[in-house]
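Overview (structure and organization)
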Amino acid sequence: MALLSDAFVYLSAAVIAVPIANRLGLGSVLGYLIAGVVIGPVLGIVGSETAEVQHFAEFGVVMMLFLVGLELQPSVLWRMRRQLIGLGGLQVVGTTAVFTAISMAFGLSWQSSMALGMILALSSTAIVLQTLNEKGWFKTSGGQGSFAVLLTQDIAVIPMLAVLPFLVIGPAGIAGSRPDGELADHGGSALATLPAWAQALVILAVIAAIVVAGRHLLRPVFRFIAEAKLREIFTATALLLIIGIALLMDLVGLSPALGTFLAGVVLSDSDYRHELESDIEPFKGLLLGLFFLTVGAGIDFDLFFGDPFFILALAIGLIAVKFCVLYVLGSVFGLKGADRWLLALGLAQAGEFAFVLFGFAGGAGVLEPSLLQTMTLVVAISMLLTPALFILYEKVIAPRVVSKSDREPDLIDTKGRVVVAGMGRYGQIVSRLLMTDGFEVIILDHDPQTIENLGRIGIRTYYGDATRPDLLHSAGLSHADVFISAIDDREKQTSIVEHVAKTYPDVKILARARDRHHVYELEMAGAHIALREVFEGALALGKHALIELGVHTFRAENKARRFKKHDLEMLADLRDNYNDGGVDASYIDAMRAHSATMFEIMKAERDERHERTERGWTPPPKGDANL
Amino acid sequence: MAKVLVLYAHPRPDRSEVNAPMFEAAQSLDGVTAVDLYADYPDLGIDVDTEQARLVAHDVIVFQHPLYWYSAPAIVKEWQDLVLEHGFAYGHDGDHLAGKWILNATTTGAKPEAYSKGGVNHADLRSLLIPFEKTADLCGMTYVAPFVLHGAGRAREENRVQMHVEAYRTLLTALVSDRVDLAKASRAIALEGDLTPFLLQSEIA
């Protein structure tokens, strides 16, 4: 039962600490770290086993890189190239150089200094992205710059993993790269006995296999699984894919993180991208949370209280150096005022990857154990200080700077973004109309056959059940301007609208309604516009019937238009009545009265008895004295 | 204090270089009700009751539009055909608009010389807009000379837009505060360039 009791301790710590930290505006990462500190050094509930748990939890990082890969569509990368290579690249290289120089000044070897420099150049993707999204700063120029830098850093982790083993101090040689994470315990590369050229060849073949299989083999596999309509099997397939690639990479002696990242990039173009994202996300979240917990639990308080001022000075120095590099680069890349401050303050901490890379560097013998302990502590403290930096930005800097300088127009695409749920007969028309006007439309549907067919005519649809909140989230609803709910199930439709209205209050919701009552239901649930799905179509057919019966086309047009106007008035008039008590006796009475009035009015118009209702293009009365 | 109604008709406001900023200025003024007809009635299904109520509630009506074929874009004609009903605007009991003032605020493509006896159009703009003037007469309204910017297609390149928008703002503000010499303006050929001659001097100082 040791496993269960361990799980109980970790989960309770997380469940108690994370919501409290979130409520206090500190963010979940900090919550996990604090929870770890409490169950580890403070209360001593967990101890020696944390190292093992941490190895297991590092698999969360492998998953995180898979998800980073999924986000990196080649086209998105291309659009951000200037910021990625320029701003991001210079941040990584510049900060690495500065920290390397400082470390050498402290008397470290150049290898250790460079390893330290690279590791400290990274910032915390988890903390920063979380905060940018929570505060709504993601779309500002500063937020976009921060995202570009974080993305570059995430990619830079991969070459860093490759370079670190070559920085070993002393004689201990390296046989290929050493895989990270818990897979490390399963032993070295199976290729160790092959000559070097053969090893290289096998590695290249494996990478090529991942790319080719990802492009051509996985799609039919996912489709086959999706058609089974068993959600947990799809999740199992996604996990199997990641673990399989990790094992394969391990076998040939490459980093599992690199392999899953690659698989992610290959799949970023696939219809199943959003579904994969939301399936893996909770595992990644829990494992990373566990990882932060173990980092917190592993913080050496004796070390801290041995020389608290020295440790604090290191942490503040770390933040100051990163801030300066970012501030200079921000101005070089045209960020002004508050945006430059947001970039520089937000990314000034060291990141969660530092813990992973420290573990890796320690295992490879690149950094001294005592130095590692000190620096792990410094990194953790720099992360603990991050919320304070964001508060400084929000309360002190932003209000002053923004009012002085004109805000730069935000970088992100000015065209509105649309998410469409349901790509049946209804959603197709809506989406195609929007696409012809050049809007970016993200479409979700749960029928692999529909997705396949639409793909053939060049319309991109993502697989997934739009009634699931997590899938709507990974489809990017938080950045959308308009959400269109166009699925054919009445109850599901209402519950989606309700969820979206609650969770994304800034998004305009347009919904397809089954009938008049459904219009009221959807409006109550939070839809801004709800239209009856068959109303306009039936009206058009009715108009054609009038024409076939000999009514002049233009008169039929106007008749239909007036009918529509009266009907919409009835819809509006009955709304309160319906919302009060549903379809009760008074509702029926009101509706009957309305129908009768409408019939009377339109009949009067037809007979041209009623002087004031026959409007439009009517001649003046015969014999009018004034003419 | 007069209430001013601007009825704006431009079927492609996204491509407008002069009328769009003019309308934006009109929207920002107190005492001016600015209506974008194409936005309110994208299918030309004009709501007669709404439009008649608007007319009754205002003292000065301004049709703001680019000049299309010596007239306004189609929605203005449709608006006239539907809203100016017998018994409301003219005919027996049709006196609801009597005593109001009406003008066109328009932009043309050709140079000012084109709108003269000797020019390619053989007539001035006011004469070409005669259907608007006769309509006003029949409804008992006084027609005021058109407020115009000629050569609007090159106005942006020649930096004339800002000046015209400011002149429009001045005109509308003066209409609201009764500072326009309407008698004089109704006798003029056009309101063009410097508006000072049409503003009541005593009030300016």
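A few points on the structure. Model, not experiment: these values are computed from the prediction. (Residues numbered from 1 in each chain as written. Chains lettered and ligands numbered in written order. Predicted model: local features only at pLDDT ≥ 70, side-chain atom pairs only at ≥ 80, totals over all residues. Heavy atoms only, no water.)

**Things to note about the environment of A:Gly60**
All names here are of chain A. Under the convention used in this document: Here a strand is any run of E in DSSP of at least two residues, a helix any run of H or I of at least four, and the numbering for each starts at the N terminus. It only takes one pair of heavy atoms within 4.5 Å for two residues to be counted as in contact.
With respect to the helices and strands, Gly 60 occurs in helix α4 (residues 59-71). With 229 residues separating them along the chain, Gly 60 and Gly 289 place their C-alpha atoms 8.5 Å apart. Other than its neighbours up to four places away in sequence, Gly 60 contacts Lys 284, Leu 287 and Leu 288.

**Re the packing of aromatic side chains**
Residue and element names in this part refer to chain A. Note the threshold: Each Phe, Tyr or Trp ring (for Trp, its six-membered ring) is paired with any other whose centre lies within 6.5 Å, and the angle between the two planes then decides the class: stacked below 30 degrees, edge-to-face above 60, tilted in between. Whether a charge sits over a ring depends on NZ of Lys or CZ of Arg being within 6 Å of the ring centre and within 35 degrees of the ring normal.
On inspection of all chains with the given rule, the structure shows 19 aromatic pairs over all chains. Between the aromatic rings of Tyr 578 and Tyr 587, the centroid separation amounts to 5.7 Å while the plane-to-plane angle is 65°, which identifies the pairing as edge-to-face. Taken together, the ring pairs connect Phe 222, Phe 234, Tyr 272 and Tyr 463 into an aromatic cluster. For Arg 340, the ring lying beneath its charged end belongs to Tyr 327, and the centroid distance is 4.9 Å. One cation-aromatic arrangement involves Arg 532 over Phe 535; the distance from NZ or CZ to the ring centre is 4.1 Å.

**Things to note about helix α6 (residues 130-138) of chain B**
Residue and element names in this part refer to chain B. Going by this rule: Accessible area is worked out with a 1.4 Å probe on protein chains only. A residue is then buried under 20% of its type maximum, exposed over 50%, and partly exposed in between. What the arc measures is the spread of directions leading from the helix axis to the C-beta atoms.
For α6, every residue scored as buried is listed here: Phe 132, Glu 133 and Ala 136. Projected onto a plane normal to the axis of α6, the buried residues spread over an arc of 95° and lie on a single side. Each element contacted by the buried residues of α6 is listed here: β3 (60-66), α4 (74-83), β4 (101-107), α5 (125-128) and β5 (142-143). One or two positions beyond α6, positive phi appears at Gly 140, with a value near 75°.

**Details of the interface of chain B and chain A**
What counts, and what does not: By buried area we mean how much accessible surface two parts lose on assembly, using a 1.4 Å probe and totalling the loss over both. Only one rule defines a salt bridge in this text: a Lys or Arg side-chain nitrogen within 4 Å of an Asp or Glu carboxyl oxygen. Any pair of N or O atoms that falls within 3.5 Å is considered a polar contact. Within protein, one atom must be able to donate a hydrogen and the other to accept it, and sequence-neighbouring residues count only if both atoms are side-chain atoms.
Contacts between the two partners involve 15 residues from chain B and, on the opposite side, eleven residues from chain A. Summed over both partners, the interface of chain B with chain A comes to about 1,000 Å²; 45% of that surface belongs to carbon and sulfur atoms. Per-residue buried area on chain B facing chain A is highest for B:Leu82, B:Glu85 and B:His86; these three make up 37% of the total on that side. In this assembly, chain B and chain A are joined by one salt bridge. Of the charged contacts in the structure, one is a salt bridge between B:Asp43 and A:Arg561, with a shortest N-O distance of 3.8 Å. At the junction of chain B and chain A, the tally comes to one residue pair in polar contact (both at pLDDT 80 or more). The set of elements that each furnish at least two residues to the side of chain B that touches chain A consists of α3 (48-56) and α4 of chain B.

**Observations concerning the nonpolar core**
The following threshold applies: Throughout, nonpolar core names a set of buried Ala, Val, Leu, Ile, Met, Phe, Trp, Tyr and Cys residues whose side chains join them through atoms within 4.5 Å.
Grouped together as the largest cluster of nonpolar side chains are 106 residues, with contacts concentrated most on A:Leu120, A:Leu293, A:Phe358 and A:Leu367. Per-element accounting of this core gives the leading share, 15 residues, to helix α18 (residues 369-404) of chain A. Membership of the second largest hydrophobic core comes to 38 residues, among which are B:Val32, B:Val62, B:Val144 and B:Val161.

**Things to note about the pairing of strand β2 (residues 32-36) of chain B**
On a regular strand, each side chain points to the face opposite its neighbour's, so the side chains alternate between the two faces of the sheet. Residues and elements named next belong to chain B. Put simply, the rule is: Pairing between strands is defined by DSSP: at least two bridges between the two strands are required. The handedness of a crossover follows from its direction of travel: if, with the strands pointing away from the viewer, the path from the first strand over the helix to the second runs clockwise, the crossover is right-handed.
Note: strand β1 (residues 4-8) against β2, five bridges, orientation parallel. Each residue of the ladder has a partner; that of Leu 7, found in β2, is Val 35. Note that the unit made of β1, helix α1 (residues 19-27) and β2 has a crossover that is right-handed.

**Thoughts on unusual backbone geometry**
In terms of backbone geometry, most residues other than glycine have negative phi values and most peptide bonds are trans. Residues and elements named next belong to chain B. Phi at His 122 takes a positive value of approximately 60°, unusual for a residue other than glycine. With respect to the helices and strands, the residue His 122 is situated in the loop between β4 and α5. The class for His 122 is exposed, based on a relative accessible area of 57%. The phi torsion at Asn 159 lies on the positive side, around 55°, for a residue other than glycine. Relative to the helices and strands, Asn 159 resides in the loop between β6 (147-149) and α7 (161-176).

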